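Descriptive analysis of the structure
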Amino acid sequence: LDTDSTKSSGQSNSNSDTCAEFRVKYVGAIEKLKYNESKSLEGPLDLINYIDVAQQDGKLPFVPGEEEFIMGVSKYGIKVSTSDQYDVLHRHALYLIVRMVCYDDGLGAGKSLLALKTTDAASEECSLWVYQCSSLEQAQAICKVLSTAFDSVLMSEKS
């Protein structure tokens, strides 16, 4: 595995600035859930069930659009941009990501969903963001990079 390919040229080679990139599709979001609605969405299963019901109710699609996006994960958070990286679709600051979960979408094509629960700076509302990954391995890799980013930020705050 060539680990240098994840670093952009001219950037510092310090691992903490490394940004891992993944190709994902955007399923949809449920934005601005009030605090009392989001209180029940603590565990991974709560999130999965909530998304499942939202899909059955037509609030979220079962399958994403055709367009692929680049999800860049770094110690600053997540940036989702168009495949030419010209337009940014979403930015999720690391400190506003409350929970992440990845799971098989259940549609039989081997695709997995990655769900992020984010909060606003005042912690009054939360949103759910759902992305489709090409495989469970890819979804787990994103979760792993993200948890490494959390760990490195927590470690640097302690020192």
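See above for the structure.
The following paragraphs examine the structure supplied in this document. All values derive from a computational prediction rather than experimental measurement.

Okay, the environment of Pro44 next. Structurally, Pro44 can be placed in helix H2 (residues 44-56). You can call Pro44 partly exposed: its relative accessible area is 41%. When the C-alpha atoms of Pro44 and Ala115 are compared, they prove to be 9.2 Å apart, with 71 residues separating the residues in sequence. Contacts of Pro44, omitting those with residues within four sequence positions, involve Arg99 and Val101.

Between its terminal C-alpha atoms H2 stretches 19 Å, which fits the 18 Å expected from 13 residues at 1.5 Å a residue. Buried residues of H2: Leu47, Ile48, Ile51, Ala54 and Gln55, and no others. The buried residues of H2 occupy an angular sector of 130° when projected down its axis, which confines them to one face. Summarising the geometry of H2, the exposed residues directed more than 90 degrees from the buried face are Leu45 and Gln56. Tucked inside the fold, the buried residues of H2 contact strand E1 (20-34), strand E5 (97-104), strand E6 (112-119) and strand E7 (125-133). With its phi angle positive at about 80°, Gly58 sits one or two positions after the end of H2.

For the rest of this paragraph, the subject is the state of the cysteines. Taken as a whole and judged by the stated rule, the model has 0 disulfides. Of all cysteine sulfurs in the structure, the one in Cys102 sits closest to Cys133, which takes part in no disulfide; the separation is 7.4 Å. Accessibility expressed as a relative area gives 1% for Cys133, which makes it buried.

Let's shift gears to the sheet that holds E1. With antiparallel pairing, the 7 strands of this open sheet are ordered in space as E4-E3-E2-E1-E7-E6-E5. A single partner strand is all that each edge strand has here, and the edge strands are strand E4 (88-93) and E5. Along the sheet, successive strands turn relative to each other by an average axial angle of 30°, direction set aside. Sheet topology note: the E6/E7 ladder contains 8 bridges and is antiparallel. Each bridged residue has a counterpart across the sheet, and for Ser112 the counterpart in E7 is Cys133. Where H2 meets the sheet, its contacts fall on E1, E5, E6 and E7, and the angle it forms with E5 comes to roughly 70°.

Reading the values: rules and limits
- Residues numbered from 1 in each chain as written.
- Predicted model: local features only at pLDDT ≥ 70, side-chain atom pairs only at ≥ 80, totals over all residues.
- Heavy atoms only, no water.
- Helix = DSSP H or I, 4+ residues; strand = E, 2+ residues; numbered from the N terminus.
- Buried < 20%, exposed > 50% of the residue type's maximum accessible area, 1.4 Å probe, protein only.
- Contact = heavy atoms within 4.5 Å.
- Expected span 1.5 Å × (residues − 1).
- Arc of directions from axis to C-beta.
- Disulfide = S-S within 2.5 Å.
- Pairing = 2+ DSSP bridges.
- Axes fitted to C-alpha atoms, helices over the stretch in contact; angles between N-to-C directions.

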